[in-house]
Amino acid sequence: MNHIIIMGRLIADPERRETPSGVPVTKFRLAVDRPFVSKDSGERKADFINVVAWRGLADFVAKYFVKGQMAAVNGRLEIREWTDKDNKKQWTTEVIAENVYFTESKKSRDASTGTSNPKEDFGAGYTTPVESSDFAELDIDDGDLPF
């Protein structure tokens, strides 16, 4: 089983690109606190974890998340290997995101970072707003509804 859940702060704005075939991909890094304090320094350390989101999730992350924002990610761990131009083996470890969640409200984020999100923010919501013209009145009798 390969499943990972992490929560931390974005260390930079997400970077959205497209593959040569036009598939959206967004990369970002989360600073994830370790659950203990260092014996030597008494400080809490963090791990900086690479995250990759594809397709619609890539667009969502690029549009609504910014540097300093707290986010939770669930997905799978992937280790990629390649040979660089000097013919040396290289590898990277990254989380392939299946879901990315807001974990704080805009108000609490702005208070903790001292900044305001320049992108639109919908608080703890997980979806983009829907225009009222997207709804239509249904002509049904709701007398049989249990509420």
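What you see is a predicted model, and the numbers here were worked out from it, not measured in a lab.

The rules we used
- Residues numbered from 1 in each chain as written.
- Predicted model: local features only at pLDDT ≥ 70, side-chain atom pairs only at ≥ 80, totals over all residues.
- Heavy atoms only, no water.
- Helix = DSSP H or I, 4+ residues; strand = E, 2+ residues; numbered from the N terminus.
- Buried < 20%, exposed > 50% of the residue type's maximum accessible area, 1.4 Å probe, protein only.
- Contact = heavy atoms within 4.5 Å.
- Salt bridge = Lys/Arg side-chain N within 4 Å of Asp/Glu carboxyl O.
- Phe/Tyr/Trp six-rings, centres within 6.5 Å; stacked < 30°, edge-to-face > 60°.
- pLDDT = per-residue confidence, 0-100.

In this section: the overall build of the chain. A tally of helices and strands in the chain yields 2 helices and 6 strands. When the elements of the chain are put in sequence order from the N terminus, they spell out β-β-β-β-α-β-β-α. Counting only residues that meet the buried cut, the chain has 29% of its 147 residues in that class. Taking the contacts inside the chain whose residues are at least 6 apart along the sequence as the reference set, 58% of them involve residues at least 24 apart.

Moving on to the pattern of salt bridges. The final tally for this structure, using the stated rule, is 8 salt bridges. As a salt-bridge pair, Glu104 and Arg9 come within 3.1 Å of each other at their nearest N and O atoms. Of this pair, Glu104 sits in the loop between strand E6 (89-102) and helix H2 (106-113) while Arg9 sits in strand E1 (residues 4-10), and the two are 95 residues apart along the sequence. Owing to a relative accessible area of 27%, Arg9 belongs among the partly exposed residues under this scheme.

On to unusual backbone geometry. The backbone phi angle of Arg55 is positive, close to 55°, even though this residue is not glycine. By the secondary structure assignment, Arg55 is in helix H1 (residues 55-64). Its relative accessible area of 53% is what places Arg55 among the exposed residues. Positive phi is not limited to glycine here, since Asn87 has a value of about 65°. Owing to a relative accessible area of 67%, Asn87 belongs among the exposed residues under this scheme.

Here the focus is the packing of aromatic side chains. One pass over the full model with this rule turns up 4 aromatic pairs. Considering the side-chain rings of Phe60 and Tyr64, the 5.5 Å spacing of their centres and the 50° angle between planes classify their relative orientation as tilted. One end of the pair is Phe60 and the other is Tyr64, both in helix H1 and 4 residues apart, which spans about a single turn. Residues Phe60 and Phe65 carry aromatic rings whose centres are separated by 5.8 Å and whose planes lie at 70° to one another, so their mutual orientation is edge-to-face. What links up through ring pairs into an aromatic cluster is the set Phe60, Tyr64, Phe65 and Phe102.

What follows covers the confidence of the model for the chain. Chain-level statistics for the chain give a pLDDT mean of 83 and a share of 72% at 70 or above. Considering only residues more than four positions removed or in separate chains, one finds that residues 120-133, a stretch of pLDDT under 50, has 17 contacts.

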